[in-house]
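In case you want the letters, here they are:
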Amino acid sequence: MALWGGRFSQAADTRFKQFNDSLRFDYRLAEQDIVGSIAWSKALCQVNVLSEDEQQRLELALNEIKLAVMEDPEQILQSDAEDIHSWVEQQLINRVGDLGKKLHTGRSRNDQVATDLKLWCRQQGQQLLLTLDTLQSQLVRVASEHQATVLPGYTHLQRAQPVTFAHWCLAYVEMFERDYSRLQDALERLDTCPLGSGALAGTAYPIDREALAHSLGFARATRNSLDSVSDRDHVMELMSVASLSMIHLSRLAEDMIFYNSGESNFIELSDTVTSGSSLMPQKKNPDALELIRGKCGRVYGSLAGMMMTVKALPLAYNKDMQEDKEGLFDALDTWHDCIEMAALCFDGIQINKERALEAAMQGYANATELADYLVAKGIPFREAHHIVGVAVVGAIAKGCALEELSLAELKAFSSVIENDVYPILTIESCLQKRSAKGGVAPHQVAYAIEQAEKRLEARYSPQVKIRAARLTDLDAIEGMVSYWANLGENLPRNRNELVRDVGSFAVTEQHGEVTGCASLYVYDSGLAEIRSLGVEAGWQNQGQGAALVQHMLRKASQMAISRVFVLTRVPEFFMKQGFCATSKALLPEKVMKDCDRCPRQHACDEVALEIVLDQEMLISRHHVA
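Computed from a predicted model, the values in this text were never measured in an experiment.

## Observations concerning the confidence of the model for the protein chain
On average, residues of the protein chain carry a pLDDT of 89, and 92% of them reach 70 or more. Per-element mean pLDDT across the protein chain ranges from 42 in helix 25 (residues 615-619) up to 98 in helix 10 (residues 233-260). Confidence over residues 615-625 falls short of pLDDT 50; this stretch has 30 contacts with residues more than four positions distant or in other chains.

## A short note on the sheet that holds strand 12 (residues 580-581)
In spatial order, the strands read 7-8-9-10-11-13-12; together these seven strands make up an open sheet with mixed pairing. The open sheet terminates on both sides in strands that have one partner only, identified here as strand 7 (465-468) and strand 12. When strand 11 (residues 563-568) meets strand 13 (residues 607-612), the two strands line up antiparallel, connected through six bridges. Bridge pairing in strand 13 places R563 opposite V612. Sheet strands in contact with helix 20 (residues 474-486) are strand 8 (505-510), strand 9 (513-522) and strand 10 (527-535), and its direction is about 75° off that of strand 9.

## Points about the pattern of salt bridges
Per the counting criterion, the structure on display carries 37 salt bridges. Ionic pairing is found between R298 and D330, a salt bridge with its closest N-O pair at 2.6 Å. With R298 in helix 11 (residues 287-310) and D330 in helix 12 (residues 324-344), the pair connects residues that are 32 residues apart, well separated along the chain. Looking at R298, the relative accessible area reads 42%, which means it is partly exposed. Close ionic contact of R563 with E610 constitutes a salt bridge, the shortest N to O distance being 2.7 Å.

## Notes on the nonpolar core
Generally speaking, a soluble globular protein has its nonpolar side chains buried in company with each other. Counting residues in each nonpolar core, the largest one holds 117 residues, and the members touching the most others are W168, L249, M256 and W335. If sequence neighbours within four positions are ignored, M256 has contacts with W168, I267, L269, L289, C345, F346 and I349.

## Some points on the packing of helix 3 (residues 30-46) against helix 6 (residues 109-145)
Taken N-terminus to C-terminus, the directions of helix 3 and helix 6 make an angle of 120°; their axes are 9 Å apart at the nearest point. Relative to helix 6, the element helix 3 is oriented oblique. The element helix 3 and its partner helix 6 pack so that their crossing is right-handed. Between helix 3 and helix 6, the residues in contact are Q32, D33 and S37 and Q112, D116, L119, W120 and Q123, respectively.

## A word on the pairing of strand 8
Of all six residues making up strand 8, six are buried, and the element is well covered by its neighbours. Here strand 7 runs beside strand 8; their pairing, made up of four bridges, is antiparallel. Bridge pairing in strand 8 links I466 to T508. Where strand 8 meets strand 9, six bridges bridge the pair, whose relative direction is antiparallel. Directly across from Q510, in strand 9, lies its bridge partner E513.

## Here we look at helix 11
Relative to the 34 Å expected for 24 residues at 1.5 Å per residue, helix 11 spans 36 Å between its end C-alpha atoms, a close match to the ideal helical length. Maximal helix bending in helix 11 amounts to about 25°, located at G294. All buried positions along helix 11 are accounted for by A288, L289, I292, C296, V299, S302, L303 and M306. Looking at the buried side of helix 11, the elements it contacts are helix 10 and helix 12. Phi turns positive one or two residues past the end of helix 11, at A312, with a value near 65°.

## Observations concerning the side chain of E54
Relative to the helices and strands, E54 is located in helix 4 (residues 52-71). A polar atom in the side chain of E54 sits 3.1 Å from the side chain of K102. Residue contacts for E54: discarding those within four places in its chain leaves V49, L99 and K102.

## Let's talk about the environment of Y259
For Y259, the location among the structural elements is in helix 10. Here Y259 falls in the buried class, since its relative accessible area comes to 5%. When the C-alpha positions of Y259 and Q558 are compared, they lie 48 Å apart, and in sequence the two are 299 residues distant.

Definitions and cut-offs
- Residues numbered from 1 in each chain as written.
- Predicted model: local features only at pLDDT ≥ 70, side-chain atom pairs only at ≥ 80, totals over all residues.
- Heavy atoms only, no water.
- pLDDT = per-residue confidence, 0-100.
- Helix = DSSP H or I, 4+ residues; strand = E, 2+ residues; numbered from the N terminus.
- Contact = heavy atoms within 4.5 Å.
- Pairing = 2+ DSSP bridges.
- Axes fitted to C-alpha atoms, helices over the stretch in contact; angles between N-to-C directions.
- Salt bridge = Lys/Arg side-chain N within 4 Å of Asp/Glu carboxyl O.
- Buried < 20%, exposed > 50% of the residue type's maximum accessible area, 1.4 Å probe, protein only.
- Core = buried A, V, L, I, M, F, W, Y, C linked by side-chain atoms within 4.5 Å.
- Parallel < 35°, antiparallel > 145°, perpendicular 65-115°, else oblique.
- Left-handed = near helix turned anticlockwise from the far one by under 90°.
- Expected span 1.5 Å × (residues − 1).
- Bend = angle between axes of the 7 residues up to and from the residue.
- Polar contact = N/O pair within 3.5 Å; in protein donor to acceptor, adjacent residues only side chain to side chain.

What follows is the structure, given as structure tokens:
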């Protein structure tokens, strides 16, 4: 059923429906649409459009839909719904009847899709920050291992001056640092919530839009309803950041393709990122890097297409804006895949140090050193430049390097040259003399690696505020525990239990509001269990669950607990935190007695996982939230 059919007496042509419908691509916004709908139901409850009972029924049904979507997102594509908004509404009506029709009160698909897309952009942006961080960390690691590996530096693809492989790696660390910074800035600018702006003029209900924005994790509400529903700057800005970063990735790819070639032979890529030829058995092709280089144009094309789409669009919403998603999804997916592949290309890379050093010593890369030597002897640089040029011609004619010319031959070019010139012309001297900040001198490269490591390490400070629970948090904790227990995700806990165990709980805070909780239950066998882990609806996908798990593992480590386990229906989440599968039979008998209280005890689908703690590692462990 269409959301807008009342005005029309004829059905849409099937060809128009196929042309108009967006479900085939905007189904990716399902979780964001559901999260936004939960927040909107709470806002409607606060202005008495919904009763508390109605709101709770809607929230429970929406979360059931969300869990189903998380298990199988592509089930949505079997529907003939127009878009993801109508699909969610249909699913909701199927579960709660006419009550589901009340949810759209005061809301338009215009502010709904704008909100969904910003929520998706924020989530994807955080993932991209982590992926960029991984690539930078990989480059810094390789740089640290190859500080002494000499490499020829190039201008105009001609050998210019010697550098090191570490210095080359750090050049790309700087490029990706700018990409990281630009992405952070873009995410900060899009951190505004359009929900409550209606179709274009705002909502007719007295919604507290600032509270609504905060409930969805946004910094603030948007300021103008016309702009809110028609703004796609964040889409183009993310595409722009992706395009610039893809340019950097393509430059990295081209350098490595060149270094990997038979003509250079400075590096050899791992078999895992190369392919062979169907005809020539000797070939080992750098396909991963060539694809990174090639996909740059694809991402840039998405940006150009989007900019042309919004050019000269009148206020406010226009159907043209439906064209924002396919290009955005593809651009960010492609960028993410290329970052991951670039990092993978450094796994198992082999550096041919001897060949790289040999190449660095060829091509008269020490000519500038000879010019600087002459300047130090009192000859003006322009004159010294000319003298060295003539000397290079002489060395070429003789077929030797500058340092292989005899003193008499060198003095023929300038009488000030003495025996002290030869130490100046070595590779070590060439590197050592570039000692200003940012130069290739070994101590400067070592310093640059140290600073890069510190910058990367600083990112691992948790952005989520975690603290020990207080008695004043009990209402919030009880609400979250009951909510997830009703969904069958956690065991129910009565208030007396929570009062008794409040000391074992930790909570997360956002904008002064308790938004997540977890507890650590210790058994007399020295084993501990993470219990009652939950995040308030609307606050998921922001790293709070992971931060709480890491907090509990550090707490367990400080208590000299060696094993921590969980019983969960989402094992993938805990496996990302380092947990491994175990058998329920290995758990204490007390654990299984708790299962008597579980409504799913006769059809248990929980998985047991555990982690063995490395004490020293966990005490100093940091986690990106």
